[in-house]
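This is what each chain is made of:
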Amino acid sequence: MLAKHMQFDTDVVLIDSKEYYEVPWARNRSMVEPPFAERSLIQHTDYLSNARVTASPAIDVTESEVLTAEGRTFAYDYLVIATGHVDSTPRSRKDRLEQFKKDNKRIRSSSSVLVIGGGRTGVELSAEIAADYPEKKVTLVHEGPRLLQILGPKASEKALRWLKSKGVDVLLGHSIDVDAISEGQRSFTTSDGATITADCHFVCAGRPLGSSWLQHTLLKDNLDRFGRLKVDENLRVRGRKNVFAIGDVVDLPKIKQGFSARKHAAVAAKNIKLLLRGGKEEKMAVYKPRSAAAAPAVVSLGRREAVAQFPFTTVSGYIPGLFKSKDLYVGWNRKKLGLETDII
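This one's a predicted model, so the numbers in the text were calculated from it and none came from an experiment.

### Topic: the nonpolar core
At step 1: Of all hydrophobic cores here, the largest spans 53 residues; its most connected members are Val61, Ile81, Leu214, Leu229 and Leu235.
At step 2: Where this core is concerned, the elements lending two or more residues are helix H1 (2-6), strand S5 (58-61), strand S8 (79-81), strand S15 (243-245), helix H8 (258-276) and strand S17 (305-309).
At step 3: Tallying contributions element by element places H8 first for this core, with eight residues.
At step 4: Leaving out residues up to four positions away in the same chain, Leu235 has contacts with Phe244, Ala245, Ile246, Leu252, His264, Val267, Ala268 and Tyr287.
At step 5: Grouped together as the second largest cluster of nonpolar side chains are 35 residues, Met31, Phe100, Val123 and Leu301 included.

Structure representation (structure tokens):
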């Protein structure tokens, strides 16, 4: 989004490990319905008509250049770091589409599915499978005392009640050592000694921040103990005049993840444009994060229902499902990128 905002104001280079943008909320739907990904996987070049794109991860940064894994260097006057979380997604859109088809085949060919992690991703994936494949036994294991711990207890309880109503077996306070899981494994032991049998499994927890590459660069001292980049109110990396950071990689509250990141992008773009025009730093825009209580959040529960947390109430069912569950913000994302909401 920042690259799109900036592409006609200066020479923009987008460095990414892959050739496409993936609408994050659509991932789980694409696993149960692979054709859905045709709209949610968007080539960077489809929305960037006046920018350069290189599909190779950054591995080093100096005072004036960024080095990529394929050995290319790119000079910069202003740098924005938005590396989010590490994700094992393929480089090409074609391979990502194929990955969704393989995931779907695993689900369809299994009579039982294990989902590890009860955050937003794990809850939504469990719900998608339970809704589309009611005949399958779905088990959700979460090490915390309640689901959706980023939200309030009422949202957790409503999501738990919905999942159980669909036959999902939810184990709270249990964990599974994902590093010890081998390919094709069908028997899993939890931290409490419980044994779970499943034909396939999906890990929806423990994605590390995409900042480890910065630990040996000039920005190593700008990382906090969690690996997040420390930024000021203008979203500049602290102590750096021309380096900004946005998204999940920064040390700011992440109430609604993608939506917060878009606000980061808008503020950073506005500030860089100001500096490019020779504007005064005191005129720079300030990012003001919303509190958890003030930020509405919607977690989809299959294709039609959802649980929604608002400042003064939490609701679930078909009404909140209208906000997200049918299209999962794919059309909205495409429109924001200047693209047709549907593919003809």
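That covers the picture; the talk isn't over yet.
### A few points about the pairing of S17
At step 1: A large share of S17 lies buried, amounting to five of its five residues.
At step 2: Burial along S17 is two-sided: Glu305, Val307 and Gln309 facing one way and Ala306 and Ala308 facing the other are all buried.
At step 3: By the bridge criterion, five bridges tie strand S16 (residues 297-301) to S17 in an arrangement that is antiparallel. By the bridge assignment, Val299 is partnered in S17 with Val307.
At step 4: Inspection of the sheet shows S17 paired to strand S18 (residues 314-317) by four bridges, in the antiparallel sense. Looking across to S18, one finds that Val307 is bridged to Ser316.

### What to know about the sheet that holds strand S7 (residues 73-75)
At step 1: Strand order across the open sheet formed by three strands is S5-S6-S7, with antiparallel pairing between neighbours. The sheet terminates laterally at S5 and S7, the two strands that pair on one side only. Strand-to-strand twist of the sheet, defined as the mean angle between neighbouring strand axes without regard to direction, takes the value 25 degrees.
At step 2: Pairing analysis gives three bridges linking S5 to strand S6 (residues 65-68), with the strands arranged antiparallel. Note on S6: the bridge partner recorded for Val61 is Val66.

### Re the packing of aromatic side chains
At step 1: In total, this model carries two aromatic pairs according to the counting rule given.
At step 2: When the centroid spacing of 5.4 Å and the interplanar angle of 85 degrees are considered together, the rings of Trp25 and Tyr329 count as edge-to-face. Here the residue Trp25 occupies a position in the loop between strand S2 (20-22) and helix H2 (27-32), and Tyr329 occupies one in the loop between helix H9 (318-324) and helix H10 (330-336), the gap between them amounting to 304 residues.
At step 3: Residues Phe310 and Phe323 carry aromatic rings whose centres are separated by 6.5 Å and whose planes lie at 65 degrees to one another, so their mutual orientation is edge-to-face. Taken together, the positions of Phe310 in the loop between S17 and S18 and Phe323 in helix H9 put the pair 13 residues apart, joining distant regions of the chain.
At step 4: Classification of Phe323 as exposed rests on a relative accessible area of 52%.
At step 5: Taking NZ or CZ as reference, Lys18 lies 5.8 Å from the ring centre of Tyr20, over its face.
At step 6: Between the NZ or CZ atom of Arg29 and the centre of the ring of Phe36, over which it lies, the distance is 5.6 Å.

So, how was this worked out
- Residues numbered from 1 in each chain as written.
- Predicted model: local features only at pLDDT ≥ 70, side-chain atom pairs only at ≥ 80, totals over all residues.
- Heavy atoms only, no water.
- Core = buried A, V, L, I, M, F, W, Y, C linked by side-chain atoms within 4.5 Å.
- Buried < 20%, exposed > 50% of the residue type's maximum accessible area, 1.4 Å probe, protein only.
- Helix = DSSP H or I, 4+ residues; strand = E, 2+ residues; numbered from the N terminus.
- Contact = heavy atoms within 4.5 Å.
- Pairing = 2+ DSSP bridges.
- Axes fitted to C-alpha atoms, helices over the stretch in contact; angles between N-to-C directions.
- Phe/Tyr/Trp six-rings, centres within 6.5 Å; stacked < 30°, edge-to-face > 60°.
- Lys NZ or Arg CZ within 6 Å of the ring centre and 35° of its normal.

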